[in-house]
Structure formats: structure tokens, C-alpha cells
Amino acid sequence: MSFQVFGIAVSRGVAIGRAVLVASSRVDVAHYFVAPELLQAEFERLLRARDAVARELETLKAELPQDAPHELAALLDVHLMLLHDEAFTGGARQWIFDRHYNAEWALSAQLEVLARQFDEMEDDYLRERKADLEQVVERVLRALAHAQGDAAAPVSPRDFGGEDPLLLVAADIAPADMIQFKRSVFRGFITDIGGKTSHTAIVARSMDIPAVVGTREASRLIMQDDWVIIDGDAGTVIVNPSPIVLEEYRFRQRQSELERARLARLRHTPAVTLDGEHVELHANIEMPADAEAAVLAGATGVGLFRSEFLFMNRGGELPSEDEQLAAYKAAVEAMKGMPVTIRTVDVGADKPLDRLTVNELRHEHVLNPAMGLRAIRWSLAEPSMFRQQLRAIYRASAFGKVKLLIPMVAHLSEIRQILDTIKRVQQQLTDAGHAFTRVELGVMIEIPAAAVMLPLLLRHVDFVSIGTNDLIQYTLAIDRADEAVAHLYDPWHPAVLQLIHQSISQARAAGKGVSVCGEMAGDPDFTELLLAMGLRSFSMHPSQIPAVKQRLLRADSKRLAAVLSRVLQSEDPRLTAEKELALARTGSTVH
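Per chain, the residues get numbers from 1 upward, laid out in the order the sequence is written. For this predicted model, a pLDDT threshold of at least 70 governs which residues receive local features, and a threshold of 80 or more governs which side-chain atom pairs are given and counted, while totals over whole chains, interfaces and linings are taken from all residues. Heavy atoms throughout the structure, all of them, feed into the side-chain values; hydrogens and water do not.

Draft legend 1. Fine view of the overall build of the chain. Across its full length, the chain holds 24 helices and 16 strands. For the exposure calls, accessible area comes from a 1.4 Å probe over protein chains only, and a residue counts as buried if that area is under 20% of its type's maximum, exposed if over 50%, partly exposed in between. Taking all 591 residues of the chain together, 54% fall into the buried category. Contacts are assigned to residue pairs that have any heavy atoms within 4.5 Å of one another. Contacts in the chain between residues at least 24 apart in sequence constitute 70% of all its contacts with a sequence separation of at least 6. Of the accessible surface of the chain, which amounts to about 25,600 Å², a share of 53% is contributed by carbon and sulfur atoms. In DSSP terms, a helix is any run of H or I states spanning at least four residues, a strand is any run of E spanning at least two, and both are numbered starting from the N terminus. Here, Shrake-Rupley sampling with a 1.4 Å probe gives the accessible areas, and only protein chains in the shown set may cover a residue.

Printed below as a string of C-alpha cells:
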């Protein structure tokens, strides 16, 4: 039966493929593809974990006291029966050998299939055995995690899902998992929760694949291996489409691919407006390997290297100074002399670390994570870690042009602490004989307080970068990852536009560099408005560069600037911008 699910469109285009479900309660389970020659070993790893759980259950049963209720022994028997059922082990085996899933992922996928079968049973007693199945799976997952001598199988970038493309469906996807999935084969994402600037949305855009978030119940309604269409333009998910609908979307898919190919031809065209204004189109990256995609897309540098992803998905172990240096050096060298702006670690809120200490509060343990110990606050609370990262960044400057960016600054006292720490780090490097060059210092403008006090901040820094995602969140008091209030997350809000314009104007007046590295920079709908505000440095995911470049190549910044005041003073800036900027393109004016 065909049906539709509606959500929030966050990455444009059409994707068609089979659903791969990540069970909502187990998004922290490792997900990776296993190389073909290691499939048998991976299945044997699963069998060893299963047998270990069986021995554990049999021991528990044998040690039951004589006066124990009969129901306890019967319950253990049920768990043992489920553990050895062919539908359990055989199903997981199929996921491993047919799709090349790792054991944990295969187990979770099979749990999802069997859980649906239990939900559909009419008998209340049998339906309630679903909880027993979940407990058995939890035990096996723990056994896999604690097994000694079982090294994880290598990740494989190939698509082992057969000839059919794969679409990922989940309640939510942790940032660490998103980085893992970024290396794999999924052609689109569907999640129950999230908003336009949730991390899932950002990574989907960086991969240039369609995504719909905030669907609320997609992971419950869609079944494993269902045929699914993701309409990333309309925010619609079509499950088990009819042949006619399928053919219509395949036609749209081919049109989209042709448009991408046409835009790709602009890669080597200089980003210059019609009136001769040169514009920097930098790339946002998350790992050193992303630098290659940035160069291929025609980026003029890296405007944002999100260093926190070097710290995540590591089981709580922080990267060493040398490990960080290797990563930063790789990115710098890949950019071949173009600037690389490295943001210091921005953990917290929707990007928690694996480990939990007094000074490393994971988001589920605090009432309002976006307001808590995150970004520069966390770095200053961990001075040893902060100095280590700064040393690695400064050492990387010996291999190319490096700029240092500090996130979530709101106080001059933070700037003073940062400058003192930099002096100490420079002295440590000099004493140790490590080479480094001058590194420009910049701060993120993502808290309204920073935008309001920008003239004071500009006395101490070389440049600023406007993080529109958080600036909108903090200005409007909207959790940008919460689909329940996603309709209130509004980049066109007059207060947001005024803060952005004010920040660009003040930085330019002070002779300091200014860029926008949030999602607005990569959205062609805002290209002309930001040009009108005086912005000449955009930073976005590499996949977004061609569309933004096409828009600015057709723009006349002087004509756009002439109508800016009417947009900023309007009660409906979006509607006014569409009208005024369209007229500015033709050279007409409205009075």
C-alpha cells in the first residue's frame, strides 16, 4: 500500500531507493560496511556473542534458588528460545552476507523486522514477547561490545546493498554516526526529529543528497526494504509508490542530475559580480578528506573546518596533539596555498562527546544544552586540552595559511583568556623548537550579545565569521533541532537580518574581514541579499558552491545595495526581497 509522510525539506532533490532502518532506541550502535573477505569472520563474531549470552542465561537458570517463582525459569527459557531461533540468527546472517552490515547493525536491523511482526500479532501474550526479544538483543549487543580480542572489521566505502540504492530512515542520527554514514552509500536521509539546521540536515546538504527531517513517525511507519521516494524540495516521503508516480520522480531525478552537471561547468569561473565585485566562495569541511571535494568544487579556501569531529566517536579518548596536527596539516596541504580557517572544538548541545566528566556535560544531562558548557566555554574549562589544540593549529601554520576561529564568544573576558593562552602556546612552541607563522584570530558571531558589542570585539581580533544557524537560534529563542518549533526558525526575521547587516557593516568599517559560514551562506535564496549587505566572503558546503556562484555571477551588487533599506525596513522582508531584488536584477526601481 502506498502512503505519504510529511516533514521538513532540508536538502533539495529527489532520491529513490530501499529503506534501511536504524532502530530508534539504538542509534548509538556502530554502523559500518564489512569488506567481503571478512564476512564469515563477522558472522562468527556474532555467533560467539550469541553463545556467550546463551551460557550466561543457562547459568542464571541453573543458579535459580529452589523457591524461585516458576515464571522466572520459564522467562529464561523464552529468552534462550528466541536466542537460538532461526528467524533471529538467520535473519542477522542475511544482513551480514547480503548487505555487508557489521554484526551490531545486522542485529539491530533484524530486531526492527521481528519487532514489526510482533506488533502485528493479535494475541496479547505473543505481542508482549516483543519486550523479551528487545532484551535478548540488548544482551547480545553488550556481549559484542565487551568481547575480548574482537577487533572491528574495516569500514568499506562500497555499496554492498545490491543494485538498489539505499535510503537511511531513523528517529534521529547522532553526529558521530552521520560522519560514519557520510563515508558510505546512502542516497538520502529521513528522520523523525530535527529541523532545517539540525546536524543531520547540514551533513545531508554537505553530501548533496535529498533529506527530509521532522517527519515524527517515519521510522515507525516505514518498513525495512520498502521502496521509498524522498522529495527534498517539498519535504515529502512517498512509501511504496505506484509505477506512475515512480516514473514521474525518476524523470525529475534525471532533470536534477543534468542541472548539477551544468552547474559543475562553472567550477573554474571566477566569482565576480556583473559590476566587478570579487567574491570569496570558501568551503565548510568536517574532516581533512573533505578538502579534496572543496578543491574540486572550486572553493577559494576553507572558511570553516569543524574540528570537533576529530574529537567525536572515539569512545571518550581525545585526539593527541600530533594526531590533530596530522589532520590539520592534511587539510592545509590539500588546499594548496589557499587559506584554511580552523574552528576550535565546538562540542556540546547537539554534538556531545562520548565521555562524560564533571566538565563535559552531555546534552541529555542538562536542561538547556544550547545554553550550557559548550564551544569556547568548554575549551576554557579544559585549559590543557585547549592549549593542546592551539599548539596543533599553530604548528599546522608552518605548512600553509591557517586562520584560527573561536566559537560562541560573548564576553571580552573570554577574549583576554584566549589571547593569554595563545601567548603561552606560542612560547611553548618556541621553546620546543616547533615552527609556526602568524595565525589570524577570528571569532564567531552567533550570540546576539557578540553582534551588539562587535565594535569592542573588533579591537582584539583580525576577522569575524557570522554563524547564522546559532545566531537565529539564540535571537529567536528557537531550538533549531526541534521540529515542534521548526516553523518559528526564520532566517528572514527582521531582527536576524538587522544583526547580520549590522555585523557586516561594522566589520567592513573597521577594516576587518567578515564572512558568513552558516547555512544562509549556501542558500541561493540569500545570495543577493548578503551581497547587498556588503558581504564578499561566503563559506558553505562544497556541494552548494556552484548554485551560489551562478546566482552571484548574474548579480549587480550596486543595484542590490540600492534596495536593501526597503527590505530591512519591511514587515515582511522575504516578500519584499523577492520583489525588490527581482526588480534590481532588471535595473528597475520601485518607489
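Following the structure, the description resumes.
Draft legend 2. Focus on helix α4 (residues 103-119). With 17 residues, α4 extends 24 Å between its outermost C-alpha atoms, agreeing within 8% with the 24 Å of an ideal straight helix rising 1.5 Å per residue. Of all 17 residues making up α4, 14 are buried, and the element is well covered by its neighbours. A helix is expected to reach a length of 1.5 Å times the quantity of its residues less one.

Draft legend 3. Representation of unusual backbone geometry in the model. Phi is positive for A375, which is not a glycine, with a value near 55°. In this structure, A375 sits in the loop between β11 (340-343) and α13 (376-381). The phi dihedral of M408 is positive, around 60°, even though this residue is not glycine.

Draft legend 4. Expanded view of the sheet that holds strand β4 (residues 166-170). Strand order in this open sheet of eight strands is β1-β8-β7-β3-β4-β5-β6-β2, and the pairing throughout is mixed. The open sheet has two edge strands, β1 (3-6) and β2 (8-11), and neither has a second partner. Neighbour-to-neighbour, the strand axes of this sheet turn through a mean angle of 30°, independent of strand direction. Here three bridges tie β2 to strand β6 (residues 211-213), and the two strands are oriented antiparallel to one another. Only strands joined by at least two bridges in the DSSP assignment are considered to pair. Working convention: axes come from line fits to C-alpha atoms, limited for helices to the stretch in contact. Angles between N-to-C directions cover 0 to 180 degrees.

Draft legend 5. The packing of α4 against helix α6 (residues 130-146), seen in detail. Relative to each other, α4 and α6 sit at 175°, their axes nearing to 10 Å. Here α6 runs roughly antiparallel to α4, going by the angle between their axes. Together, A103, E104, L107, L111, L114, A115, F118 and D119 of α4 and K130, L133, E134, V137, V140, L141 and L144 of α6 make up the contact between the two elements. Taken together, the residues of the contact of α4 with α6 break down into eleven nonpolar, no polar and four charged. We call two directions roughly parallel when the angle between them is under 35 degrees, roughly antiparallel when it is over 145, roughly perpendicular when it lies between 65 and 115, and oblique otherwise. Three classes are used: nonpolar for Ala, Val, Leu, Ile, Met, Phe, Trp, Tyr, Cys and Pro, charged for Asp, Glu, Lys and Arg, and polar for all others, with Gly counted as polar.

Draft legend 6. Molecular detail of the pairing of strand β7 (residues 227-231). Of all five residues in β7, four are buried; the element is thus mostly enclosed. Both β7 and strand β8 (residues 236-239) contribute to a ladder of four bridges, which runs antiparallel. Counterpart to I230 in the pairing with β8 is V237. In textbook terms, the turn of a hairpin is the stretch between consecutive antiparallel strands, and for β7 and β8 this stretch comprises four residues, one of which, G235, has a positive phi near 75°.

Draft legend 7. Just the packing of helix α3 (residues 86-99) against α4, in detail. Where α3 meets α4, the axes come as close as 8 Å, and the angle between the chain directions of the two elements is 125°. In terms of orientation, α3 and α4 fall into the oblique class. Relative to α4, α3 is oriented so that their crossing is right-handed. In contact with A87, F88, G91, A92, W95 and I96 of α3, α4 contributes A103, A106, L107, A109, Q110, V113 and L114. Here a crossing is called left-handed whenever its near helix is offset anticlockwise from the far helix by less than a right angle, and right-handed whenever the offset is clockwise.

Draft legend 8. A look at the pattern of salt bridges. By salt bridge we mean one thing: a side-chain nitrogen of Lys or Arg within 4 Å of a carboxyl oxygen of Asp or Glu. Overall, the coordinates contain 28 salt bridges when judged by the stated rule. The residue D77 makes a salt bridge to K61 at a minimum N-O spacing of 2.5 Å. Here D77 is found in helix α2 (residues 70-84), whereas its partner K61 is found in helix α1 (residues 39-62), with 16 residues between them in sequence. Residue D77 is classed as partly exposed on the basis of its relative accessible area of 33%. A salt bridge links R220 to E217, with the shortest nitrogen-to-oxygen separation between them at 2.9 Å.

Draft legend 9. Broad picture of the side chain of R395. In this fold, R395 is placed in helix α14 (residues 383-396). Overall, the relative accessible area of 13% leaves R395 in the buried class. Side-chain polar atoms of R395 contact the side chain of D322, separated by 3.2 Å. With residues near it in sequence (within four places) discarded, R395 still touches E321, D322, L325, L429, H434, A435 and F436. The definition of a polar contact used here is a pair of N or O atoms within 3.5 Å, where within protein one atom must be able to donate a hydrogen and the other to accept one, and adjacent residues in sequence count solely through side-chain atom pairs.

Draft legend 10. A look at the packing of aromatic side chains. Two rings from Phe, Tyr or Trp (for Trp, the six-membered ring) form a pair when their centres sit within 6.5 Å of each other. Planes less than 30 degrees apart are called stacked, planes more than 60 degrees apart edge-to-face, and all others tilted. The tally for this structure, following the rule as stated, stands at ten aromatic pairs. Taken together, a centroid distance of 3.9 Å and an interplanar angle of 0° make the contact between Y101 and W105 stacked. Of the two residues, Y101 and W105, both sit in the buried class. Taken together, the aromatic side chains of F33, W95, Y101, W105 and F186 make up a single cluster linked through ring pairs. Taking NZ or CZ as reference, R93 lies 5.5 Å from the ring centre of F43, over its face. Look at NZ for Lys and CZ for Arg. If either is within 6 Å of the ring centre and within 35 degrees of the ring normal, a charge sits over the ring. The ring of F463 carries K403 above its face, with NZ or CZ at 4.4 Å from the centroid.

Draft legend 11. Expanded view of the environment of S539. Inspection of the secondary structure assignment puts S539 in strand β16 (residues 537-540). Using a relative accessible area of 1% as the deciding quantity, one classes S539 as buried. Taking the C-alpha atoms as reference points, S539 and N284, separated by 255 residues in sequence, lie 6.0 Å from one another. In this structure, S539 is in contact with H282, A283, N284, G303, L304, V516, C517, G518 and A521, ignoring residues within four places of it in sequence.

Draft legend 12. Main features of the side chain of E414. Within the secondary structure, E414 is located in helix α15 (residues 412-432). A positive count includes Lys and Arg, and a negative count includes Asp and Glu. His and the chain ends are not counted in either. No salt bridge is formed by the buried E414. Its closest oppositely charged neighbour is R377, at 4.5 Å. Engagement of the side chain of E414 in a polar contact is seen with the backbone nitrogen of A410, the distance being 2.8 Å. Excluding its chain neighbours within four sequence positions, the residues that come into contact with E414 are I376, R377, L380, M408 and V409.

Draft legend 13. Quick look at the confidence of the model for the chain. Summarising the model, the chain shows a mean pLDDT of 86, and 86% of its residues fall at 70 or more. As a per-residue quantity, pLDDT reports the predictor's confidence and falls between 0 and 100. Note on residues 148-161: pLDDT under 50 across the span, and 35 contacts to partners over four residues away in sequence or across chains. When the criterion is pLDDT under 50, residues 355-365 qualifies, and its contacts beyond four places in sequence or with other chains add up to 22 contacts.

Draft legend 14. Highlighting helix α21 (residues 545-553). Listed in full, the buried residues belonging to α21 are I545, P546, V548, K549, Q550 and L552. On its buried face, α21 is in contact with α10 (243-264), β9 (280-285), α20 (524-532) and β16.

Draft legend 15. Just the environment of Q94, in detail. You can see Q94 is positioned in helix α3. C-alpha separation for the pair Q94 and A106, spaced twelve residues apart in sequence, amounts to 8.1 Å.

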